[in-house]
Amino acid sequence: MGLLQNIIFGVITGSYIAIAAIGFTLIYGIVNMINFAYGEYLTLGAFIGFFAATTFPLPLPVAVLVAMAGGGVVSLVLARAFFTPINQTGPVPLLLTSIGLGIALRNAIRLVAGREARYYDTATTTFRFDSIPDLSVGSVDLLGGFFVTSEQLIVVGSAVTVFVAIHGLLTRTDVGIAMRAMGDDESLARVRGIDTQLIRDSVWVLAGILAGLSGVLLAIQTNVNATTGFSQILQILSAAILGGAGSPYGAILGAYLIGIVLALSTAFLPSGMSGLSSAIAFGILILVLLVKPSGIAGTEVREA
Amino acid sequence: MSVLDRVPTENGDLALLAGVCCVLIGGLFAVTPLRAQLPSALYVFVEVGILFVIYGLLVLGLDLQYGHTGLVNFGHVAFFAVGAYGTAMLSAQDTFAGIGLGYPWPLALGVGVVAAALVGLGVSATSIRLRGDFLAIVTLAAAEILHSIFVNFEGIFGGNVGILGVPRPIAALVSDADTRLVATLLVIGGITLVALAGITRITSAPYGRVLRAIRADELVTRSVGKSTVTYKTQAFVYGAALAGLAGGLFALYNGAVAPGFFTIQVTVTVWIGMLLGGAANHRAVLAGLAIIMGLRLISRFALDVTPVSSDVFASIRLIVVGLILVAVIRYRPAGIWGDAQELGVDR
């Protein structure tokens, strides 16, 4: 396989990480917490979508909408029950609470749904482009034939739609502008008459909707089980911090960077060491925090 | 003047005395033909007890880092693993996979501790300046990186099998299983008590006051001329070295190390134990850890009387553990025995 094909894989991975990373980074910027339970939101979204698509049988696009709505509701309920009451205690207690909530949710899902993996039933068309000439540099083939499936195109398409929608929301609507104001300075936003609790709730709903969508897309690519989302949380987190915590645009950039690095390291690491690809993603994260702790576009996270 | 009058009353000294006594009694089992008999019902208690005293070293180190200095280290298992792998690789003979050099175990244990301290120094040199929640993420990521290195470099670390054939000093001296368990519990428990004494000594000295001042307000501490980064680095390295010691002892007790022993679950258990007991109070964190590890015992016994599978029970136990963490932070942020005013969490 050529470099081109691997970059395509990276872009696809980057797409669903990006959708989730936007939700993650919005929570970070506005509620001021690292939500370690966010991976479980993805898992819940994947399960809601799966059961909507199989038990009722709803068509897949409708099931995705159900998963997004379900994700939003779950996110708001969990936030109201667990995070809003301790909002003023600072980032570390919130992080620890989300870790505890994540453990409880993950095991509750496992208890209800069992350990086995479930698969979305999707019809896939594969588009092949074999006629592209090889462009070899050393042992690496820069171009070469490649393929994409309709599933993968849908993943990338949904991601682009989400980016446009989020950009519109944050720049064109009152609630989006209020979110950005709160991300900048919460007290100042309150002085200007913004209902900060309402905005916080809407951020939770928005993050839940994004998690639901990302969870279904992830599950279509892989499968649905109790750790579907948890297995991605560190990548999501790396993408969000890489881009500068709190910045949705940075998160998109960070997600594609992480996705491409993961794909390339899986392809070019010697076989038997391909498990190291996630280590490389975290290595990049640590490097970024050392060299430019504010991320690609963001705020200072060091104290001393 | 009777012997009783000479028993120290200070907590730290009492722990030191008790610890030395435990090690001596344990040693007595090992070198004399003295034998212990365990009722079979107690086996599981002693086994969990051994794990508890090993994790006790972890929680003491973590309490020095988080409870006293306020460093949010969420990758504590990394230093535990480095200590264990360092000790195992240096001392293992005829390991199935990976490197086993077959050096004597005391040397290996020392190297394991030093290796863990060095890794701690590396992590803190790069990230100790980060804000609390980001330090948590970096340490967590560091632990995940180490874990995947242990799994993926099969030629060096033995992959998923890990390192086998690590010498077991106590097992080598005592052939009978009952005595072996009791002696192991006493020796490692004694070491934990001695560590408790050492840590108490550090934290009740002026040095410990500086650490707590950093936790309360770093800027103020810097303004009175203390190099907070140096103090934070030292506390981090001490904690890492203690975790390395715990890892080395674990390797020498278990006779093998594998990545499966060093998952994020260890970090979570130790953290919840510390928060439940009450950070910054050494005996409280040990008690909190005992409660959390006691849940394992309950689930093991409940397994015999209820008709559910062990899988289901493990899930239920973890749900309870997660909710305990949530509840402690919300309703009792200082922990059961912690001092809310001192920790600054009074609301």
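Conventions we followed
- Residues numbered from 1 in each chain as written.
- Chains lettered and ligands numbered in written order.
- Predicted model: local features only at pLDDT ≥ 70, side-chain atom pairs only at ≥ 80, totals over all residues.
- Heavy atoms only, no water.
- Salt bridge = Lys/Arg side-chain N within 4 Å of Asp/Glu carboxyl O.
- Helix = DSSP H or I, 4+ residues; strand = E, 2+ residues; numbered from the N terminus.
- Buried < 20%, exposed > 50% of the residue type's maximum accessible area, 1.4 Å probe, protein only.
- pLDDT = per-residue confidence, 0-100.
- Expected span 1.5 Å × (residues − 1).
- Contact = heavy atoms within 4.5 Å.
- Phe/Tyr/Trp six-rings, centres within 6.5 Å; stacked < 30°, edge-to-face > 60°.
- Lys NZ or Arg CZ within 6 Å of the ring centre and 35° of its normal.
- Core = buried A, V, L, I, M, F, W, Y, C linked by side-chain atoms within 4.5 Å.
- Axes fitted to C-alpha atoms, helices over the stretch in contact; angles between N-to-C directions.
- Parallel < 35°, antiparallel > 145°, perpendicular 65-115°, else oblique.
- Nonpolar A, V, L, I, M, F, W, Y, C, P; charged D, E, K, R; others polar.

Student: What is the right way to look at the pattern of salt bridges in this model?
Tutor: A side chain of one charge can pair with a side chain of the opposite charge when the charged atoms of the two come close. All names here are of chain A. Summed over all chains, the structure comprises six salt bridges over all chains. A salt bridge links Glu 186 to Arg 190, with the shortest nitrogen-to-oxygen separation between them at 3.7 Å. Here Glu 186 pairs with Arg 190, and both are found in helix 7 (residues 186-191), just four residues apart, close to one helical turn. A salt bridge links Arg 200 to Glu 186; its shortest N-O distance comes to 2.5 Å. Of this pair, Arg 200 sits in helix 8 (residues 196-221) while Glu 186 is found in helix 7, placing the two residues 14 residues apart along the sequence. With a relative accessible area of 10%, Arg 200 lands in the buried category. Judged by its relative accessible area of 27%, Glu 186 falls in the partly exposed class.

Student: Help me understand the confidence of the model for chain B in this model?
Tutor: Atom-level detail of predicted coordinates should not be read off regions where pLDDT is low. This prediction gives chain B a mean pLDDT of 86; 94% of its residues lie at or above 70. Within chain B, helix 11 (residues 228-254) of chain B carries the highest mean pLDDT (94), whereas helix 15 (residues 340-343) of chain B carries the lowest (68).

Student: In this structure, what is going on with helix 5 (residues 132-152) of chain B? I would like to understand it.
Tutor: For an α-helix, the turn length of 3.6 residues means that residues three or four places apart are oriented alike. Between its terminal C-alpha atoms helix 5 of chain B stretches 30 Å, which fits the 30 Å expected from 21 residues at 1.5 Å a residue. With respect to burial, helix 5 of chain B is a largely interior element, 16 of its 21 residues being buried.

Student: Would you mind showing me how to read the side chain of Ser 75 of chain A here?
Tutor: Residues and elements named next belong to chain A. Relative to the assigned elements, Ser 75 resides in helix 3 (residues 60-83). Judged by its relative accessible area of 0%, Ser 75 is buried. In contact with Ser 75, other than residues within four places in its own chain, are Tyr 41, Trp 204, Val 205 and Gly 208.

Student: Sorry, what's going on with the packing of aromatic side chains here?
Tutor: Tallied over the full model, the rule gives 22 aromatic pairs over all chains. Between Phe 163 of chain A and Tyr 256 of chain A the ring centres are 6.2 Å apart and the planes differ by 85 degrees, which places this aromatic pair in the edge-to-face class. Note that Phe 163 of chain A is positioned in helix 5 (residues 150-172) and Tyr 256 of chain A in helix 10 (residues 248-268), a separation of 93 residues in sequence. Here Tyr 256 of chain A falls in the buried class, since its relative accessible area comes to 17%. In textbook terms, an aromatic cluster arises when at least three aromatic residues are bridged by ring pairs, as seen for Tyr 55, Phe 80, Tyr 85, Phe 150, Phe 157, Phe 250, Phe 261 and Phe 262 of chain B. A cation over a ring is seen here: Arg 106 of chain A above Phe 230 of chain A, with NZ or CZ 3.7 Å from the ring centre.

Student: Sorry, what's going on with the nonpolar core here?
Tutor: Across soluble globular proteins, you tend to see nonpolar side chains buried next to one another. Residues Tyr 38 and Phe 83 of chain A together with Tyr 55, Phe 80, Phe 262 and Trp 271 of chain B are the most contacted members of the largest nonpolar core, which totals 196 residues. In terms of residue count, helix 1 (residues 3-31) of chain A provides more of this core than any other element does, 15 residues in total.

Student: When you look at the packing of helix 2 (residues 43-68) of chain B against helix 9 (residues 206-216) of chain B in this model, what are you seeing that I'm missing?
Tutor: If you want to describe how two helices pack, look at the angle between their axes and the distance between the axes. All names here are of chain B. In the contact formed by helix 2 and helix 9, the axes pass within 8 Å of each other and the chain directions differ by 50 degrees. Judged on the interaxial angle alone, helix 9 and helix 2 are oblique. On helix 9, the residues touching Leu 64, Tyr 66, Gly 67 and His 68 of helix 2 are Leu 211, Arg 212 and Arg 215. Residue composition of the contact of helix 2 with helix 9, grouped by class: three nonpolar, two polar and two charged.

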